[in-house]
Amino acid sequence: MLRLCSSSQTRAKLLDSFGIEYIQCAVNFNEESVKSNSPKSFVYAVAKGKLAAAQNQFGLDTPVLVADTVIEANNTLLRKAKNREDARKILLEQSDTQSSIITALIYKSKTIEFIDISATKYHFAPFDIEDLESYLDSNEWQGKAGACMVEGFCKKYIKKVEGLESNAMGLQVEKLLPWLEF
């Protein structure tokens, strides 16, 4: 059993798909307090902040798992869209280009701390504008790094993938498995 300190339903589904038992609860950490333009530095700092908040709130009687994900496209750090227009802008940054989806995860118990920062590269074809507008109407982009759903809207535009899809979905479970203490 571990404590998934995230409100992400996608991360929860990933743990379910690997048969990992967990308790899910969000932690209170202000990501806006992190000032970094480097995607890897940003996700690491946010994950460390979430870990500190989780330890303060829950302790380590149950191991904690935190994660953060961002996208880098055209040398630009892309985070969660603030609104529909921001989502459109962020998605168009990724259309017909290569994007790197970067996730930092930290698993910590009383005896171990495992940290991983991984990137999955996607080469996207141009997004169809009508399809993009329909996706924006669905609001499925809300709460997603770079407004991107590689398992949803973006899937049909993928020309090439380098890396783990689970990482792009926000939790590289395959890298975590050897470190779990069950």
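Scroll up to find the structure.
Computed from a predicted structure; not experimentally measured. (Residues numbered from 1 in each chain as written. Predicted model: local features only at pLDDT ≥ 70, side-chain atom pairs only at ≥ 80, totals over all residues. Heavy atoms only, no water.)

Along the backbone of the chain there are six helices and seven strands. Along the chain, helices (α) and strands (β) appear in the sequence β-α-β-α-β-β-α-β-β-α-β-α-α when read from the amino end. Relative to a compact globule of 182 residues, whose C-alpha radius of gyration would be 16 Å, the chain shows 16 Å and is just as compact. By its C-alpha atoms, the chain is 50 × 35 × 25 Å across when sized along the principal axes. (Helix = DSSP H or I, 4+ residues; strand = E, 2+ residues; numbered from the N terminus. Rg over C-alpha atoms; globule rule 2.2 N^0.38 Å.)

Moving on, we come to the layout of surface pockets. Of the pockets and cavities examined, the largest pocket occupies roughly 450 Å³. As for the largest pocket, its lining consists of 29 residues, and the residues nearest its centre are S6, S8, R11, K80 and G143. For the lining of the largest pocket, the elements supplying multiple residues, two or more each, are α1 (9–17) and β3 (64–73). Take the lining of the largest pocket: its biggest share by element is four residues, from β3. (1 Å grid on protein atoms, 1.4 Å probe; cavity = no way out; pocket = protein on both sides within 12 Å on 5 of 7 lines; lining within 4 Å. Points joined across faces, edges and corners; volume = space filled by probe spheres on them.)

Turning next to the pattern of salt bridges. Under the counting rule described, the total for this entry stands at 14 salt bridges. One salt bridge connects K50 with D68, and the closest N-O pair in it is separated by 3.3 Å. On the criterion of sequence distance, the pair formed by K50 in helix α2 (residues 39–58) and D68 in strand β3 is long-range, its members being 18 residues apart. Each member of the pair, K50 as well as D68, carries the same accessibility label: buried. Across the pair E162 and K160 runs a salt bridge whose closest N-O atoms are separated by 3.6 Å. (Salt bridge = Lys/Arg side-chain N within 4 Å of Asp/Glu carboxyl O. Buried < 20%, exposed > 50% of the residue type's maximum accessible area, 1.4 Å probe, protein only.)

A word on the environment of G146. By the secondary structure assignment, G146 is in the loop between α4 (129–138) and β7 (158–162). Accessibility expressed as a relative area gives 0% for G146, which makes it buried. Along the chain, G146 and I101 lie 45 residues apart, while their C-alpha atoms are 8.6 Å from each other. Ignoring anything within four residues of it in the chain, the contact list for G146 reads I71, L78, R79, K80, I90, L91 and Q94. (Contact = heavy atoms within 4.5 Å.)

The next subject is the packing of helix α3 (residues 84–94) against α4. Axes are the key here: two packed helices are described by the angle between their axes and the distance separating the axes. It is the contact of α3 with α4, at a shortest axis distance of 10 Å, that shows an interaxial angle of 140 degrees. On the basis of their axis angle, the class for α3 and α4 is oblique. The chirality of how α3 crosses α4 is right-handed. From α3, R84, A87, R88, L91 and L92 reach across to α4, where they touch I129, L132, E133, Y135, L136 and D137. For the contact of α3 with α4, the class distribution of residues is seven nonpolar, no polar and four charged. (Axes fitted to C-alpha atoms, helices over the stretch in contact; angles between N-to-C directions. Parallel < 35°, antiparallel > 145°, perpendicular 65-115°, else oblique. Left-handed = near helix turned anticlockwise from the far one by under 90°. Nonpolar A, V, L, I, M, F, W, Y, C, P; charged D, E, K, R; others polar.)

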